[in-house]
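Geometric and topological summary
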2 protein chains.
Amino acid sequence: MFSSSPHSGLLEKLFQYIDLHQDEFVQTLKEWVSIESDSVQPVPRLRQKLFQMMALAADKLRNLGARVDSVDLGSQQMPDGQSLPIPPILLAELGNDPKKPTVCFYGHLDVQPAQKDDGWLTDPYTLTEVDGKLYGRGATDNKGPVLAWINAVSTFRALQQDLPVNIKLILEGMEEAGSVALEELVKREKDHFFSSVDYIVISDNLWLSQRKPALTYGTRGNCYFTVEVKCRDQDFHSGTFGGILNEPMADLVTLLGSLVDSSGHILIPGIYDQMAPITEEEKTMYENIDMDLEEYQNINQVEKFLFDTKEELLMHLWRYPSLSIHGIEGAFDEPGTKTVIPGRVLGKFSIRLVPTMTPSVVEKQVTQHLEAVFSKRNSFNKMAVSMVLGLHPWTANIHDTQYLAAQRAIKTVFEVDPDMIRDGSTIPIAKIFQAITQKSVMMLPLGAVDDGEHSQNEKINRWNYIQGSKLFAAFFLELSKQHSGHQMPSSVF
Amino acid sequence: MFSSSPHSGLLEKLFQYIDLHQDEFVQTLKEWVSIESDSVQPVPRLRQKLFQMMALAADKLRNLGARVDSVDLGSQQMPDGQSLPIPPILLAELGNDPKKPTVCFYGHLDVQPAQKDDGWLTDPYTLTEVDGKLYGRGATDNKGPVLAWINAVSTFRALQQDLPVNIKLILEGMEEAGSVALEELVKREKDHFFSSVDYIVISDNLWLSQRKPALTYGTRGNCYFTVEVKCRDQDFHSGTFGGILNEPMADLVTLLGSLVDSSGHILIPGIYDQMAPITEEEKTMYENIDMDLEEYQNINQVEKFLFDTKEELLMHLWRYPSLSIHGIEGAFDEPGTKTVIPGRVLGKFSIRLVPTMTPSVVEKQVTQHLEAVFSKRNSFNKMAVSMVLGLHPWTANIHDTQYLAAQRAIKTVFEVDPDMIRDGSTIPIAKIFQAITQKSVMMLPLGAVDDGEHSQNEKINRWNYIQGSKLFAAFFLELSKQHSGHQMPSSVF
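Residues numbered from 1 in each chain as written. Chains lettered and ligands numbered in written order. Predicted model: local features only at pLDDT ≥ 70, side-chain atom pairs only at ≥ 80, totals over all residues. Heavy atoms only, no water.

Digging into the packing of helix H2 (residues 22–33) of chain A against helix H4 (residues 139–158) of chain A
Residues and elements named next belong to chain A. Relative orientation of the contacting elements H2 and H4 amounts to 140°, with a least axis distance of 10 Å. The orientation of H2 relative to H4 falls into the category oblique. Read as a crossing pair, H2 and H4 show a hand that is right-handed. Touching Phe25, Thr28, Leu29, Trp32 and Val33 of H2 are Ala139, Lys143, Gly144, Val146, Leu147, Ile150, Asn151, Ser154 and Thr155, all from H4. (Axes fitted to C-alpha atoms, helices over the stretch in contact; angles between N-to-C directions. Helix = DSSP H or I, 4+ residues; strand = E, 2+ residues; numbered from the N terminus. Parallel < 35°, antiparallel > 145°, perpendicular 65-115°, else oblique. Left-handed = near helix turned anticlockwise from the far one by under 90°. Contact = heavy atoms within 4.5 Å.)

And the structure:
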């Protein structure tokens with residue numbers, strides 16, 4: 001199958017090496033997963049783990065011969081007054097041949113919280129293989145894909161093959177906590193680290209299917225809101241105060257209940273006004289995507305989704321905004337029957353944005369809506385709405401050189417054309433890189449749809465992890481080829 | 001002031017004795033408070049303290065000449081698998097003259113957890129007097145009142161005066177942990193220990209004011225509900241699934257939001273049908289209660305309650321049912337910005353019941369209401385409603401002999417008529433005694449409204465403790481007088 005490629009002999013060698021060394025690659029992933037690099041819970045113990053994780057990755061890259069700059073980012077002030085250190089961002093580079101294209105990989109080494117008690121079948125921080133699935137927190141999001149990139153590079157090195165591209169990596173440890181300090185660093189490095197970069201690759205999302213690869217050209221943004229309702233700081237006993245108070249929880253459930261209807265339609269006035277109209281060309285792309293709705297429901301153990309056709313379902317994931325209620329802080333959340341009236345509660349919800357919605361307009365619409373709903377209640381409590389995160393949506397030009405290179409590499413490794421997809425979730429970094437560096441940004445996922453990122457029993461398939469390492473190796477070769485083809489005319493001038 | 005009473009000479013002697021020995025009485029309270037008899041935290045060390053506490057009380061009662069039966073209750077299996085011994089219940093009796101009435105005092109010697117770190121100004125297990133206030137865990141809930149009863153008895157003994165009533169006590173050590181094993185024991189002793197009992201007195205609640213005594217003739221019941229909405233056991237990522245799911249949290253906030261309006265009115269159809277109508281006589285009782293609404297708001301740090309008059313406020317605390325939403329299990333409840341769609345959430349709320357509401361009817365009404373609301377949403381999720389606790393309300397006949405005796409004793413000791421009050425919270429033991437033994441049950445509180453039961457810096461005023469001891473002594477004499485007056489006609493037959 002490699003006969004058509006000038007690199008086919010080399011590719012075969014690279015792939016063989018990766019297959020032969022796959023247990024080593026899995027072992028390294030196991031070491032990385034074993035570090036509880038949780039950036040979401042703001043506690044000193046976990047911040048130490050993040051520093052340990054970043055140092056381990058820096059060592060790994062230096063051992064490959066990369067120059068690694070571990071950028072100190074100081075500390076952050078938390079809402080409760082404590083100061084927590086921010087883990088460094090790693091800027092790594094390997095090769096600076098001006099005749100080669102330079103491709104920069106972005107990844108993150110922090111993870112969402114996970115505890116065995118949450119419903120994990122195995123210890124979340126002990127990578128455990130069951131039937132070809134590697135279970136562990138961060139396995140697919142995002143430690144596995146980062147290592148697949150490193151595996152591809154190390155395979156060239158191990159075989160003493162010249163890397164066809166200059167490699168850069170930017171690895172952070174705060175992605176799950178909103179990529180604190182990253183944007184500022186990218187701005188600062190725009191004319192330094194990023195000046196020689198031609199392409200930026202992100203591999204922090206999933207395929208649409210269990211077996212068919214995908215290329216991603218868009219992501220939704222996210223505006224995360226908190227709405228606080230407060231009577232007083234202390235809680236009340238429901239026997240001694242039940243019946244004579246505006247209870248903050250009653251106010252809050254009404255506020256949260258006013259946001260979205262049972263068909264998923266957002267009830268905030270004006271929220272759909274900013275959404276770009278859907279074009280005919282766009283519709284065709286949705287029709288071509290290979291997806292079995294029933295299988296998708298089964299895989300996800302969902303009895304029924306809100307929509308009955310593939311096109312509607314995908315558009316509501318990628319092309320329409322959505323609103324999710326995440327939970328409540330300050331209420332009674334433990335097992336048991338505590339008869340408390342919480343004195344102060346904080347509801348949390350977020351809205352996924354699509355082009356051309358902007359966080360500033362959404363913030364205004366949400367605030368006005370909640371104020372109107374609250375005002376109608378005539379409650380004696382105080383309400384405070386806050387947008388704690390405002391991340392833009394992103395779309396790419398799918399005719400860019402690296403999209404072509406990636407399509408070809410996928411065809412080589414997986415023998416199929418990728419699904420051209422968007423991602424319903426927010427990977428703000430795509431938008432940030434695009435807006436600040438003005439470079440081509442591509443999202444090239446490695447994980448399967450059922451990997452369970454952010455969930456219990458997160459995993460990456462051994463097959464995805466190993467084929468992904470091959471894919472990146474093939475991509476380096478294709479990118480080198482496509483880039484010179486693409487650059488030729490301009491070098492003639 | 002005692003001139004009108006045939007007992008006035010004796011009363012004076014009793015009161016004088018109590019005044020002269022008050023430091024001794026405080027010293028005994030100090031010894032009792034020093035034992036960390038915490039029944040809430042299920043650990044072996046604290047269970048030992050409970051056994052120690054019960055043994056100390058048994059000794060004290062035996063030294064007064066009482067016959068004390070320390071009933072072994074075996075052990076309890078905790079949810080985590082460990083087995084913990086249950087402290088004994090003491091059944092004590094002093095005197096069995098068939099010509100005297102028999103009055104039984106119920107009290108508990110266990111306490112809520114307390115640590116200096118929680119915000120105590122003094123060590124919670126070292127009774128500390130500041131400005132006439134005796135600070136310590138259990139000082140008012142319930143060691144102080146138990147000792148006041150014992151002080152009254154011991155005063156008669158010390159003065160070598162015949163006790164005008166037969167005394168019984170039932171003292172338990174698991175009240176704060178749900179009175180494990182008590183109900184069963186009361187049932188077992190119905191025709192034994194309780195057969196000769198005429199009156200049961202409970203002193204385990206507070207006055208409505210800081211200075212004015214009260215008599216309590218009712219408590220609200222409580223039906224505690226959980227409502228589960230489930231899509232699947234695992235959580236979802238709001239990027240990957242937001243927009244295509246019936247999200248359990250959206251269903252749940254609608255369900256919880258359908259329960260009560262912003263004026264505190266419960267929206268469950270039929271819920272007020274079972275409530276006993278309010279009589280004119282009853283209204284007068286509310287008018288007579290001494291209460292400053294503004295002061296009550298200030299003490300409780302509440303900007304404004306739902307009602308502007310004392311009568312309305314108290315009726316909504318005691319006389320109307322109320323509904324409080326306590327919280328949600330399974331949603332995101334920690335600090336931070338997790339973008340999760342919880343897969344399964346459990347809402348918790350409870351309804352305080354008033355006569356003649358019954359848990360079985362309330363359960364049916366709540367379930368039907370939630371099923372109707374849920375059905376309208378056409379959600380693909382599963383909903384399950386469960387009543388996990390169903391405790392009856394209780395009211396007493398305030399024309400009972402012992403209420404009259406207590407009113408007179410209060411007038412004698414405090415020179416005022418008591419507030420006739422109810423308690424908005426649920427003290428199941430009153431209803432249990434009434435339902436099982438069919439005897440007259442009275443709640444005669446000694447503590448002031450600001451005693452802080454269950455809270456940091458719990459205290460009992462020295463004045464309340466000492467006057468309370470006198471009150472019980474006067475009550476014995478009045479009860480004897482009223483009882484014989486009351487019994488006379490039947491003894492003529």
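Quick word on the interface of chain B and chain A
Counting residues at the interface gives 69 residues for chain B, matched by 74 residues for chain A. Taken together, the two surfaces of chain B and chain A that pack against each other cover about 6400 Å², and 54% of this comes from carbon and sulfur. Along the contact surface separating chain B from chain A lie 2 salt bridges. Between glutamate 303 of chain B and lysine 382 of chain A there is a salt bridge; the shortest N-O distance is 3.5 Å. Here chain B and chain A share 40 residue pairs in polar contact (both at pLDDT 80 or more) between them. At 8 residues, the largest contribution of residues to the side of chain B that touches chain A is made by strand S13 (residues 322–329) of chain B. Split into classes, the residues belonging to the side of chain B that touches chain A amount to 29 nonpolar, 24 polar and 16 charged. (Buried area = accessible area lost by both parts, 1.4 Å probe. Salt bridge = Lys/Arg side-chain N within 4 Å of Asp/Glu carboxyl O. Polar contact = N/O pair within 3.5 Å; in protein donor to acceptor, adjacent residues only side chain to side chain. Nonpolar A, V, L, I, M, F, W, Y, C, P; charged D, E, K, R; others polar.)

Points about helix H8 (residues 280–288) of chain B
Residue and element names in this part refer to chain B. Every buried residue of H8 is listed here: Glu282, Met285 and Tyr286. Projected down its long axis, H8 carries its buried residues within an arc of 100°, all on one side. Exposed side of H8, more than 90 degrees from the buried face: Glu280 and Asn288 are the residues found there. (Buried < 20%, exposed > 50% of the residue type's maximum accessible area, 1.4 Å probe, protein only. Arc of directions from axis to C-beta.)

Remarks on the relation of the copies chain B and chain A
For the pair of chain copies, the relating transformation is a rotation about an axis with a translation along it. Rotating chain B by 178° about the axis while translating it 2.8 Å along that axis superimposes it on chain A, leaving an RMSD of 2.6 Å. Taken together, the interface assignments show that 97% of the residues at the interface of chain B recur at the interface of chain A, consistent with an identical surface on both copies. (Least-squares fit on C-alpha atoms with pLDDT ≥ 70 in both.)

Observations concerning the side chain of serine 440 of chain B
Residue and element names in this part refer to chain B. The residue serine 440 is located in strand S19 (residues 440–443) in this model. Side-chain polar atoms of serine 440 contact the side chain of aspartate 400, separated by 2.8 Å. If sequence neighbours within four positions are ignored, serine 440 has contacts with Asp198, Tyr199, Ile200, Asp400 and Gln402.

Re the UniProt feature "site: Important for catalytic activity" (unreviewed entry) in chain A
In the numbering adopted here, UniProt assigns the feature "site: Important for catalytic activity" (unreviewed entry) to His237 of chain A. As for its position among the elements, histidine 237 of chain A is in strand S12 (residues 236–237). According to the relative accessible area criterion, histidine 237 of chain A is partly exposed, its value standing at 33%. Setting aside chain neighbours within four positions, we find histidine 237 of chain A in contact with Gly242, Thr339 and Ile341 of chain A together with Arg352 and Ser425 of chain B. Here the side chain of histidine 237 of chain A touches glycine 239 of chain A through a polar contact of 2.8 Å, landing on its backbone nitrogen. (UniProt positions renumbered as here; feature names shortened; annotations may be inferred.)

Digging into the packing of aromatic side chains
Residue and element names in this part refer to chain A. Considering all chains together, one arrives at 34 aromatic pairs over all chains under this definition. Aromatic side chains tryptophan 207 and tryptophan 463 sit 6.2 Å apart centroid to centroid with 85° between the ring planes, which places their arrangement in the edge-to-face category. Here tryptophan 463 lies in helix H14 (residues 462–492) and tryptophan 207 lies in the loop between strand S9 (199–202) and strand S10 (214–219), a separation of 256 residues in the sequence. On the basis of relative accessibility, which here comes to 3%, the residue tryptophan 207 falls in the buried class. The exposure class of tryptophan 463 is partly exposed, given its relative accessible area of 31%. Ring-pair connections join several aromatic residues into one group, and the members of that group are Phe105, Trp149, Phe156, Phe472 and Phe476. Here the basic side chain of arginine 211 rests over the ring of tryptophan 463, its NZ or CZ set 4.1 Å away from the ring centre. (Phe/Tyr/Trp six-rings, centres within 6.5 Å; stacked < 30°, edge-to-face > 60°. Lys NZ or Arg CZ within 6 Å of the ring centre and 35° of its normal.)

Some words on helix H11 (residues 359–377) of chain A
Residues and elements named next belong to chain A. The terminal C-alpha atoms of H11, which comprises 19 residues, lie 27 Å apart, in line with the 27 Å expected from a rise of 1.5 Å per residue. Among the residues of H11, those classed as buried are Pro359, Val362, Gln365, Val366, His369, Leu370, Val373, Phe374 and Arg377. With its buried residues spanning 155° around the axis, H11 presents them on a single face. Facing away from the buried surface of H11 by more than 90 degrees, the exposed residues are Lys364, Gln368 and Lys376. Where H11 is buried, its residues meet strand S11 (221–230), helix H7 (248–257), strand S15 (344–353) and strand S16 (382–391). Once H11 ends, the next one or two residues include asparagine 378, with phi positive near 50°. (Expected span 1.5 Å × (residues − 1).)

Observations concerning empty space enclosed by the protein
Evaluated as defined, the whole model comprises 8 cavities of 30 Å³ or more. Here the residues of the lining of the largest cavity are counted per class, giving 5 nonpolar, 10 polar and 8 charged. If you add up the space inside the second largest cavity, you get close to 120 Å³. Lining the second largest cavity are 15 residues, and of these Trp207, Leu208, Trp318 and Asp423 of chain A together with Thr240 of chain B sit closest to its centre. (1 Å grid on protein atoms, 1.4 Å probe; cavity = no way out; pocket = protein on both sides within 12 Å on 5 of 7 lines; lining within 4 Å. Points joined across faces, edges and corners; volume = space filled by probe spheres on them.)

Some remarks on the sheet that holds strand S15 (residues 344–353) of chain B
Residue and element names in this part refer to chain B. Spatial strand order, S13-S15-S11-S16: 4 strands in an open sheet with antiparallel pairing. Each edge of the open sheet is held by one strand with a lone partner, namely S13 and strand S16 (382–391). Geometrically, the sheet is characterised by an average inter-axis angle of 20° between neighbouring strands, direction not taken into account. With 10 bridges joining them, strand S11 (residues 221–230) and S15 adopt antiparallel strand pairing. Bridge pairing in S15 places cysteine 223 opposite isoleucine 351. (Pairing = 2+ DSSP bridges.)

Digging into the UniProt feature "active site" (unreviewed entry) in chain A
Residues and elements named next belong to chain A. Within this structure's numbering, the places UniProt gives as "active site" (unreviewed entry) are Asp110 and Glu175. In three dimensions, the annotated residues from a span of 66 residues occupy one location, with a maximal C-alpha spread of 6.6 Å. Among the annotated residues just listed, those that line the largest cavity are Glu175. Residue position: aspartate 110 is located in the loop between strand S5 (102–108) and strand S6 (128–130). For aspartate 110, a relative accessible area of 0% gives the class buried.

Let's talk about the nonpolar core
Within soluble globular proteins, side chains that are nonpolar tend to cluster in buried spots. Counting 123 residues, the largest nonpolar core has Trp149, Ile167, Ile170, Phe433, Tyr465, Phe475 and Phe476 of chain A as its most contacted members. In contact with tryptophan 149 of chain A, other than residues within four places in its own chain, are Val103, Phe105, Ile167, Lys168, Leu169, Val201, Phe472, Phe475 and Phe476 of chain A. (Core = buried A, V, L, I, M, F, W, Y, C linked by side-chain atoms within 4.5 Å.)

Comments concerning the pairing of strand S5 (residues 102–108) of chain B
Residue and element names in this part refer to chain B. Taking burial as the measure, the 7 residues of S5 include 7 buried ones, the bulk of the element. A two-sided burial pattern is seen for S5, the buried positions comprising Thr102, Cys104, Tyr106 and His108 on one face and Val103, Phe105 and Gly107 on the other. Here S5 runs beside strand S8 (residues 166–172); their pairing, made up of 7 bridges, is parallel. In the sheet register, cysteine 104 faces S8, and the bridge partner there is lysine 168. Alignment of S5 against strand S9 (residues 199–202), held across 4 bridges, turns out to be parallel.

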